Amino acid sequence: MTELQALVKFILRSAENYAWDNAASGILNSMELEGPNEAAINVFYRFPAGSNPTTEASRKRIFYFEIHTHEVGFRSTIVAGQIRQQRYVPAPTPESGDLYVWQRSDGKSGRIRLIPGPMEVYNPGDSYEITAQEIHRIEAEQGTVTVVTRRRTTPEPAGVYSFFPDGVPRQDQTHGFLSRAAIREATSAAFERMEEEAR
């Protein structure tokens, strides 16, 4: 077991002692790892799970996140589970790529054509980096755990962007408070996944 894995397991075992929030639909987030850069543990877990998260079928269930950018760049290390990532770039011509509607965090919106890059697959022990301005989307298996180290730059981006296929309604993204029972459910599932992968 690595030092990082041991630290994450300790925090998951005593999750009630830490501050967690629903950072996005399906991500339980705790900003409890201190250091020269701001760091966080992310637990990917959809509520309600609907089945035992330790079963093969349940933990292999993949859920998806909208295409987006970030407030800051970061390095993400996968501790358990799997993350799949796809980066996008603006289309070079009006005829290429797929049409998306973009919405910025300040309320502005517009349209853009994007071209997807290859799918990147990350397993426990792997890391990837992304800048704040890069456009990407991720897929995560239930119970996946990552440690994210934020990398702030100057100047910071003008806003955070979300992208949706033209004509497709935006999905609601749940943020904010979670009950202690919900936190226990998600962190327990993540802990069990780490234990199972270590066997």
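In what follows, the structure referred to is the one given above.
Predicted model, so just to flag it, every value in this text is computed and none were measured. (Residues numbered from 1 in each chain as written. Predicted model: local features only at pLDDT ≥ 70, side-chain atom pairs only at ≥ 80, totals over all residues. Heavy atoms only, no water.)

1. Notes on the packing of aromatic side chains
Right, so step 1: Per the stated rule, a full pass over the model turns up six aromatic pairs.
Right, so step 2: Through a chain of ring-to-ring contacts, the aromatic side chains of Phe74, Tyr122 and Tyr128 assemble into a single cluster. (Phe/Tyr/Trp six-rings, centres within 6.5 Å; stacked < 30°, edge-to-face > 60°.)

2. Quick notes on the nonpolar core
Right, so step 1: Core analysis: the biggest nonpolar cluster contains 21 residues, and Val8, Leu12, Trp20, Leu28, Ile41, Val43 and Val145 have the highest contact counts within it.
Right, so step 2: Sorting the residues of this core by element identifies helix H1 (3-13), strand E3 (39-44), strand E6 (73-80), strand E12 (144-151) and helix H3 (180-198) as the ones contributing at least two each.
Right, so step 3: If one sorts the elements of this core by residue count, H3 sits on top with seven residues.
Right, so step 4: Those residues in contact with leucine 28, other than ones at most four positions away along the chain, are Trp20, Asp21, Ile41, Asn42, Val43, Leu178, Ile183, Ala186 and Thr187.
Right, so step 5: Within the second largest apolar cluster, 13 residues are counted, among which are Phe44, Phe74, Ile130 and Ile138. (Core = buried A, V, L, I, M, F, W, Y, C linked by side-chain atoms within 4.5 Å. Buried < 20%, exposed > 50% of the residue type's maximum accessible area, 1.4 Å probe, protein only. Helix = DSSP H or I, 4+ residues; strand = E, 2+ residues; numbered from the N terminus. Contact = heavy atoms within 4.5 Å.)

3. Focus: the pairing of strand E7 (residues 83-90)
Right, so step 1: Two elements, E7 and strand E9 (residues 109-122), share seven bridges in a ladder whose sense is antiparallel. Following the sheet pairing, glutamine 85 is matched in E9 by glutamate 120.
Right, so step 2: As defined by bridge partners, E7 adjoins strand E11 (residues 135-141) across six bridges and the pair is classed as antiparallel. Within E11, the position partnered with glutamine 86 by the bridge is arginine 137. (Pairing = 2+ DSSP bridges.)

4. Regarding the pattern of salt bridges
Right, so step 1: Taken as a whole and judged by the stated rule, the model has nine salt bridges.
Right, so step 2: The partner of glutamate 195 in a salt bridge is lysine 9, with the nearest N and O atoms 2.2 Å apart. Highlighted residues: glutamate 195 in helix H3 and lysine 9 in helix H1, separated in sequence by 186 residues.
Right, so step 3: Several salt bridges converge on common partners, so that one network encompasses Arg87, Glu120 and Glu134. (Salt bridge = Lys/Arg side-chain N within 4 Å of Asp/Glu carboxyl O.)

5. As for H1
Right, so step 1: All buried positions along H1 are accounted for by Val8, Lys9, Ile11 and Leu12. Each buried residue of H1 lies within a common arc of 160° when the element is viewed along its axis, so the set occupies one face. Projecting away from the buried face of H1 at angles above 90 degrees are the exposed residues Glu3 and Arg13. (Arc of directions from axis to C-beta.)

6. Remarks on the side chain of threonine 69
Right, so step 1: Relative to the helices and strands, threonine 69 is located in the loop between strand E5 (67-68) and E6.
Right, so step 2: At a separation of 2.8 Å, a polar atom in the side chain of threonine 69 contacts the main-chain amide nitrogen of tyrosine 161.
Right, so step 3: Residues within four places of threonine 69 in sequence aside, it is in contact with Ala132, Gln133, Glu134, Ile135, Gly159, Val160, Tyr161 and Phe163. (Polar contact = N/O pair within 3.5 Å; in protein donor to acceptor, adjacent residues only side chain to side chain.)

7. Regarding the side chain of glutamate 139
Right, so step 1: Take glutamate 139: it is sitting in strand E11.
Right, so step 2: Of the polar contacts made by the side chain of glutamate 139, one reaches the side chain of arginine 137; its length is 2.9 Å.
Right, so step 3: Ignoring sequence-local partners within four residues, the contact set of glutamate 139 consists of Ile62, Phe63, Tyr64, Gln82, Ile83, Arg84 and Met119.

8. So, the pairing of E3
Right, so step 1: Counting buried positions along E3 yields six of six residues, so the element is predominantly enclosed.
Right, so step 2: Side chains of E3 alternate between two faces, with Ala39, Ile41 and Val43 and Ala40, Asn42 and Phe44 buried alike.
Right, so step 3: Relative to E12, E3 is paired through six bridges, and the arrangement is antiparallel. What sits directly across from isoleucine 41, in E12, is valine 147.

9. Topic: the environment of aspartate 166
Right, so step 1: Note that aspartate 166 resides in the loop between strand E13 (161-165) and H3.
Right, so step 2: Counting along the chain gives 53 residues from aspartate 166 to arginine 113, while the straight-line C-alpha distance between them is 9.8 Å.
Right, so step 3: Not counting residues within four places of it along the chain, the set of residues in contact with aspartate 166 comprises Leu99, Tyr100, Val101 and Arg111.

Don't take any of this as a statement about function, it's just geometry.
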